[in-house]
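What follows is the residue order along each chain.
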Amino acid sequence: MNITKLTSVKTICNSYLIEEDGFVVIIDPGQDGVVEAEIDSKGYQPEYILLTHEHFDHVQDLEAVREKYGVPVIASRTCSERLGDPRTNLSIIEDILSYYKTGVVSEEKSPRFVCREAEITYEGEYDLVWRGHSFTFIEAPGHSPGCVLITLDGEYCFTGDYMLSNEEPTLRLRGGNEADYRNITVPILEMIPDGTKICPGHGVSYTKGHETEAE
Amino acid sequence: MTNLEQYNRAFMLNFRLKEEDLPGLEYMGIIQWDSVGHMDLIADIESAYGIQMDMKDVLDLSTYEKGLKILSEKYGVNFDE
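Below is a summary of the structure that appears in this document. (Residues numbered from 1 in each chain as written. Chains lettered and ligands numbered in written order. Predicted model: local features only at pLDDT ≥ 70, side-chain atom pairs only at ≥ 80, totals over all residues. Heavy atoms only, no water.)

## A short note on the overall build of chain A
Alright, step 1. Within chain A, the secondary structure is distributed over six helices and twelve strands.
Alright, step 2. Relative to the 2.2 N^0.38 estimate, which gives 17 Å for 215 residues, the radius of gyration of chain A is 16 Å and therefore close to what a compact globule would have.
Alright, step 3. Taking the contacts inside chain A whose residues are at least 6 apart along the sequence as the reference set, 59% of them involve residues at least 24 apart.
Alright, step 4. Surface exposure of chain A reaches about 9,400 Å², of which carbon and sulfur atoms provide 48%.
Alright, step 5. Separation of charge centres in chain A, based on 18 positive and 38 negative side chains, amounts to 6 Å. (Helix = DSSP H or I, 4+ residues; strand = E, 2+ residues; numbered from the N terminus. Rg over C-alpha atoms; globule rule 2.2 N^0.38 Å. Contact = heavy atoms within 4.5 Å. Areas by Shrake-Rupley, 256 points an atom, 1.4 Å probe, with all protein chains shown as cover. Lys, Arg positive; Asp, Glu negative; His and termini not counted. Charge placed at Lys NZ, Arg CZ, Asp CG, Glu CD.)

Next comes the structure, spelled out in structure tokens:
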């Protein structure tokens, strides 16, 4: 199994490809066509798209990728429902958010977009066995209502916008909820065993318990 | 709902204010109207009128009154209806 991290230029958002024998699972299609370019250059065959949450930087290429490869999307029901509105996928505030982060006014207006709902949705927890590997999804609201943590074979955890290296999660964007984060998600995050490889939606990957050795 | 009522509603809902609190309101003048609050406010204003504002106007909308002026002069929102 190979895991490839791909990072979009626009918002420095990480997407991941999990590859086994030429077949891949995509975690967050991201932006800028980085996932599509990698898949086509390597000749991979996608089989699933998994979403950590509904925010625009993680899903802007979702429709293009699912359309091109014809693969099902797996997301929490809440995430799925929030993909279809620019106010909940936050594409409506992309330019303002970008300005606040960079101080640069973009020359072009970013498109507001919507995505179709996921083909497979779940509430609470969900398990997927794929080519001998085990994915576990667990809802983890706080950053957004649709957030989930995705573990792979108990060794990797794809955390979306949680557990970013040296950065506290943002809880004040629309749909964010600090009480949910503290009461529901923090206990889940604390149960992730040391030694788990943390693969966040932004920034570097690292091993829990060895944060100073971030890759 | 009139355009003015929609405009006021965006402020009142986002910042949990009453209508009488709105005149004179300034960006960063209350704790709720910070950068995050501003993003939500703009999102609601744009959704209410079906517009996408230029970033310059987004940044210029720094008081309740300036918002009225920008929206009426640049985006054709009629507040006199």
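## Some words on the sheet that holds strand β9 (residues 148-152) of chain A
Residue and element names in this part refer to chain A.
Alright, step 1. Within the open sheet, the six strands sit side by side as β7-β8-β9-β10-β11-β12. Their pairing is mixed. At either end of the open sheet lies a strand with only one pairing partner, and these are β7 (125-130) and β12 (206-207).
Alright, step 2. As paired strands, β7 and strand β8 (residues 133-139) are joined by six bridges and run antiparallel to one another. Bridging across to β8, Leu128 finds its partner in Phe135. (Pairing = 2+ DSSP bridges.)

## Observations regarding the packing of helix α1 (residues 3-15) of chain B against helix α2 (residues 35-49) of chain B
All names here are of chain B.
Alright, step 1. Here α1 crosses α2 at 155°, and the two axes come no closer than 9 Å. By the angle between their axes, α1 is roughly antiparallel relative to α2. α2 is crossed by α1, and the crossing has right-handed handedness. For the pair formed by α1 and α2, the contact residues are Asn3, Gln6, Tyr7, Ala10, Phe11, Asn14 and Phe15 on the first element and Gly37, Asp40, Leu41, Asp44, Ile45, Ala48 and Tyr49 on the second.
Alright, step 2. Each residue belonging to the contact of α1 with α2 can be placed in one class, and the counts come to eight nonpolar, four polar and two charged. (Axes fitted to C-alpha atoms, helices over the stretch in contact; angles between N-to-C directions. Parallel < 35°, antiparallel > 145°, perpendicular 65-115°, else oblique. Left-handed = near helix turned anticlockwise from the far one by under 90°. Nonpolar A, V, L, I, M, F, W, Y, C, P; charged D, E, K, R; others polar.)

## Observations regarding helix α4 (residues 64-75) of chain B
All names here are of chain B.
Alright, step 1. An ideal rise of 1.5 Å per residue puts 16 Å on twelve residues; α4 measures up with 16 Å between its terminal C-alpha atoms.
Alright, step 2. When we look at burial in α4, the residues that qualify are Tyr64, Gly67, Leu68, Ile70 and Leu71.
Alright, step 3. The inward-facing, buried residues of α4 abut α1, α2 and α3 (55-60).
Alright, step 4. Gly76 sits one or two residues past α4 and shows a positive phi near 70°. (Expected span 1.5 Å × (residues − 1). Buried < 20%, exposed > 50% of the residue type's maximum accessible area, 1.4 Å probe, protein only.)

## Remarks on the nonpolar core
Alright, step 1. Judged by nonpolar contacts, the single largest core of 55 residues is most densely connected at Leu51(A), Tyr7(B), Phe11(B), Leu61(B) and Leu71(B).
Alright, step 2. For this core, the leading source of residues is α2(B), giving seven residues.
Alright, step 3. If near-sequence neighbours (up to four positions away) are discounted, Leu51(A) is found in contact with Asp28(A), Pro29(A), Val59(A), Leu62(A), Val73(A), Ile74(A), Ala75(A), Cys79(A), Leu83(A), Val148(A) and Ile150(A). (Core = buried A, V, L, I, M, F, W, Y, C linked by side-chain atoms within 4.5 Å.)

## Some details on the interface of chain B and chain A
Alright, step 1. Between chain B and chain A, the residue contacts involve 22 residues of the former and 15 residues of the latter.
Alright, step 2. The contact between chain B and chain A buries some 1,600 Å² in all, and 59% of this surface belongs to carbon and sulfur atoms.
Alright, step 3. At the boundary of chain B and chain A, one finds five salt bridges.
Alright, step 4. With a closest N to O distance of 2.8 Å, Asp44(B) and Arg174(A) form a salt bridge.
Alright, step 5. Secondary-structure elements contributing two or more residues to the side of chain B that touches chain A are α2 and α3 of chain B.
Alright, step 6. Looking at the side of chain B that touches chain A, its residues break down into ten nonpolar, seven polar and five charged. (Buried area = accessible area lost by both parts, 1.4 Å probe. Salt bridge = Lys/Arg side-chain N within 4 Å of Asp/Glu carboxyl O.)

## Concerning a negative patch on the surface
Alright, step 1. Together, Glu5(B), Glu19(B), Glu20(B), Asp21(B), Asp80(B) and Glu81(B) make up a region of like negative charge exposed at the surface.
Alright, step 2. With respect to the helices and strands, Glu19(B) occurs in the loop between α1 and α2. (Patch = residues over 30% accessible without salt bridge, like charges linked within 9 Å, V, L, I, M, F, W, Y side chains within 5 Å.)

## A word on the sheet that holds strand β6 (residues 120-122) of chain A
All names here are of chain A.
Alright, step 1. Spatially, β1-β2-β3-β4-β5-β6 is the arrangement adopted by the six strands of the open sheet, whose pairing is mixed. This sheet does not close on itself; its edge strands, each paired only once, are β1 (2-7) and β6. Taken over all neighbouring pairs, the strand axes of this sheet differ in orientation by 20° on average, direction set aside.
Alright, step 2. In the sheet, strand β3 (residues 23-27) pairs with strand β4 (residues 45-50) via five bridges, with the strands oriented parallel. Along β4, the bridge assignment pairs Ile27 with Leu50.
Alright, step 3. Together, β1, β2 (14-20), β3 and β4 form the strand contacts of helix α1 (residues 34-42), whose direction differs from that of β1 by roughly 140°.
Alright, step 4. The sheet contacts of helix α3 (residues 62-69) involve β3, β4 and β5 (73-76), and relative to β4 the element is tilted by about 140°.

## Overview of the pattern of salt bridges
Residue and element names in this part refer to chain A.
Alright, step 1. Evaluation of the coordinates by the stated rule reveals 21 salt bridges over all chains.
Alright, step 2. We note a salt bridge from Asp40 to Lys68, for which the minimum N-O separation is 2.5 Å. Highlighted residues: Asp40 in helix α1 and Lys68 in helix α3, separated in sequence by 28 residues.
Alright, step 3. Counted as one network, the salt bridges with shared partners bring together Glu63, Arg66, Glu67, Arg116 and Glu119.

Remember, this is a structural readout, not a statement about activity or role.
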